[in-house]
Every structure is written in structure tokens, then in C-alpha cells.
Amino acid sequence: MPGVSIDQERCVNCKTCVSTCPMGVYVDEGDKVVVAAEDECIACMGCVAACPTEAITVVE
Ligand code: SF4
Ligand code: SF4
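Rules and cut-offs
- Residues numbered from 1 in each chain as written.
- Chains lettered and ligands numbered in written order.
- Predicted model: local features only at pLDDT ≥ 70, side-chain atom pairs only at ≥ 80, totals over all residues.
- Heavy atoms only, no water.
- Near = heavy atom within 4 Å.
- Nonpolar A, V, L, I, M, F, W, Y, C, P; charged D, E, K, R; others polar.
- Buried < 20%, exposed > 50% of the residue type's maximum accessible area, 1.4 Å probe, protein only.
- Helix = DSSP H or I, 4+ residues; strand = E, 2+ residues; numbered from the N terminus.
- Pairing = 2+ DSSP bridges.

> Could you give an account of the site of ligand 2, with specific residues and numbers?
If you check the shell around ligand 2, you find Cys21, Pro22, Met23, Val25, Tyr26, Cys41, Ile42, Ala43, Cys44, Met45 and Cys47 and nothing else. Its residues assigned to classes, the shell around ligand 2 shows 11 nonpolar, no polar and no charged.

> Describe in detail the site of ligand 1, supporting the description with residues and values.
Around ligand 1 lies a shell of 13 residues, among which Cys11, Cys14, Lys15, Cys17 and Cys51 are the nearest. Among the residues making up the shell around ligand 1, the classes are represented as nine nonpolar, three polar and one charged.

> Could you give me a rundown of the pairing of strand β4 (residues 56-59), with the residues and numbers involved?
Burial along β4 is one-sided: the face carrying Ile56 and Val58 is buried and the face carrying Thr57 and Val59 is not. Here strand β1 (residues 3-6) pairs with β4 via four bridges, running antiparallel. Note on β4: the bridge partner recorded for Gly3 is Val59.

This is the structure in C-alpha cells:
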């Protein structure tokens, strides 16, 4: 199972990962984005590529 994490120190809450992920792994909680469905991750790395601050780590 892939491991998905957001470094909240780096995250600027742009929501790009929420709109990029095809599997709905991220959820917008308003003041922050959280990893809510890690089990659904297919390790496509789209979010890692899209995040402007390199806040996301995905480990296959
Ligand atoms: S794309 Fe990166 S900076 Fe933007 S909300 Fe997601 S984790 Fe945070
Ligand atoms: S690697 Fe792909 S499936 Fe996994 S959280 Fe990122 S965008 Fe979603």
C-alpha cells in the first residue's frame, strides 16, 4: 500500500493536489488539506509533480 503524506510546514493550502488526484485521496478541510484516503492511492505521482512547494511525499 502506498504511503502518502503532506508536510504541513511546506504546504501553502493551494488545493492543487485535491483537484489533481484522480482517486480522491485528498480532502479540502478549508484551512488545510489532509490525506483522507491513502488506501486509494495508485502512486501515479500526479500530486507530487503538481505540488508547487514539494510538500507531498508518496512512497510506493
Ligand atoms: S498541492 Fe502541495 S501546497 Fe498545494 S495544497 Fe496540496 S500539498 Fe499543499
Ligand atoms: S500519487 Fe496519484 S493517486 Fe496517489 S495521492 Fe498522488 S495524485 Fe492521488
